[in-house]
Amino acid sequence: MSKQHSTDSSMTPIKVSIESIDIKGQYIQLAAPIHLTGRLNISEFLTQYSVDRQQNLTQPMLQIGIDEAGRGPLLGSVNVAAAILPAAWSGLIEEQPLTGTPLSILTDSKQLSEKKRDILYPLVKQYAVGYVIADIPAAVIDQVNILQATMLGMRLCTETLLEAVAQQFAIAHEIEADAVKPLQVEVLFDGNRCPELDFGKLTKCGVEQANIDCQAWVKGDARHTSIAAGSILAKVSRDEAMYVLDTQHPAYGIAKHKGYPTRAHMEAIETYGVLSEHRRSFAPVRKALES
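Residues numbered from 1 in each chain as written. Predicted model: local features only at pLDDT ≥ 70, side-chain atom pairs only at ≥ 80, totals over all residues. Heavy atoms only, no water.

Caption draft 1: View of the side chain of Arg279. Take Arg279: it is sitting in the loop between α8 (263-272) and α9 (283-290). It is Asp142 that comes nearest to the buried, bridge-free Arg279 among opposite-charge side chains, at 6.6 Å. Here Ser77 takes part through its backbone oxygen, which lies 3.1 Å from a polar atom of the side chain of Arg279. (Helix = DSSP H or I, 4+ residues; strand = E, 2+ residues; numbered from the N terminus. Buried < 20%, exposed > 50% of the residue type's maximum accessible area, 1.4 Å probe, protein only. Lys, Arg positive; Asp, Glu negative; His and termini not counted. Salt bridge = Lys/Arg side-chain N within 4 Å of Asp/Glu carboxyl O. Polar contact = N/O pair within 3.5 Å; in protein donor to acceptor, adjacent residues only side chain to side chain.)

Caption draft 2: Spotlight on the layout of surface pockets. Looking at the largest pocket, its volume works out to about 350 Å³. If you go around the largest pocket, you meet 15 residues; those closest to its centre are Ile23, Lys24, Gln148, Arg155 and Glu196. Those elements that place two or more of their residues in the lining of the largest pocket are β2 (11-23) and α4 (146-173). When residues in the lining of the largest pocket are grouped by element, the largest group, four residues, is from α4. A per-class count over the lining of the largest pocket returns seven nonpolar, two polar and six charged. (1 Å grid on protein atoms, 1.4 Å probe; cavity = no way out; pocket = protein on both sides within 12 Å on 5 of 7 lines; lining within 4 Å. Points joined across faces, edges and corners; volume = space filled by probe spheres on them. Nonpolar A, V, L, I, M, F, W, Y, C, P; charged D, E, K, R; others polar.)

Caption draft 3: A look at unusual backbone geometry. Of note in the backbone geometry, Gln96 takes a positive phi value of approximately 55° without being a glycine. Within the fold, Gln96 resides in the loop between β7 (78-84) and α2 (114-127). Judged by relative accessible area, Gln96 falls into the exposed class, the value being 54%. The residue Asn145 is not glycine, and still its phi comes out positive at about 90°. By relative accessible area, Asn145 is classed as partly exposed at 38%.

Caption draft 4: Looking closely at the environment of Ala138. Structurally, Ala138 is set in helix α3 (residues 138-144). For Ala138, a relative accessible area of 6% puts it in the buried group. Sequence separation between Ala138 and Ser276 is 138 residues; the distance between their C-alpha atoms is 8.5 Å. The contacts of Ala138, once residues within four sequence positions are left out, are Gly76, Ser77, Glu277, His278 and Arg279. (Contact = heavy atoms within 4.5 Å.)

So, in structure tokens, the structure goes:
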């Protein structure tokens, strides 16, 4: 694993490349690297989540929203994103905490037009206190299956963002890693299950398991602003990757179907063959290879 964190006093870019990982006590070499990119706005984070060293408390609770895009396609990566919105903007969508903010139209990315998603994408990046986007390639999906690849992406986004938060929190307050313990975190995952985090690694960073509340939110991207922000980051980043693939393989019409198993996509596979970016563990691609 290689990591790069800048020393900029206000913005910390996050760039992580993971080639092997411990899954349930088994260390495995990934079939392809998983890349994570993001940013932490240190000054904004410290303004909102400062520590009261006498009372050993931080206020308010840090909320991280996480969602994925691309579980169903036959082609390309599944993308996962985690977002920390400003505390006043993080809450139930129905309570309208985003009214009057630049993200006022934010909701589940599936309920928005592509034009609106494209408008929101740079705004979420600009105004988020922190975010991380993970790209889990087709080779890893084939290696561990799509569910586990998605769970792995959610786990890595959570751990990467919390590591960056804990590091900057400790540096800013001139404290040792274990003094970060007062930091209370809610991690809100879209879906009906939470990934298994590596709490041993997080504890070494000073964020203890007892202070991390992981919650699964069914249809959470339409219910909570932080999850909706993750939804936008995951969806648009994946679409951008599909447009790049489209320029490389124009005959497949990827810009239109974005890897989903449409008739046009299946006809392109039959005519031109399977690309290296196709998910070979998915039945339609596997059948095409067998034939």
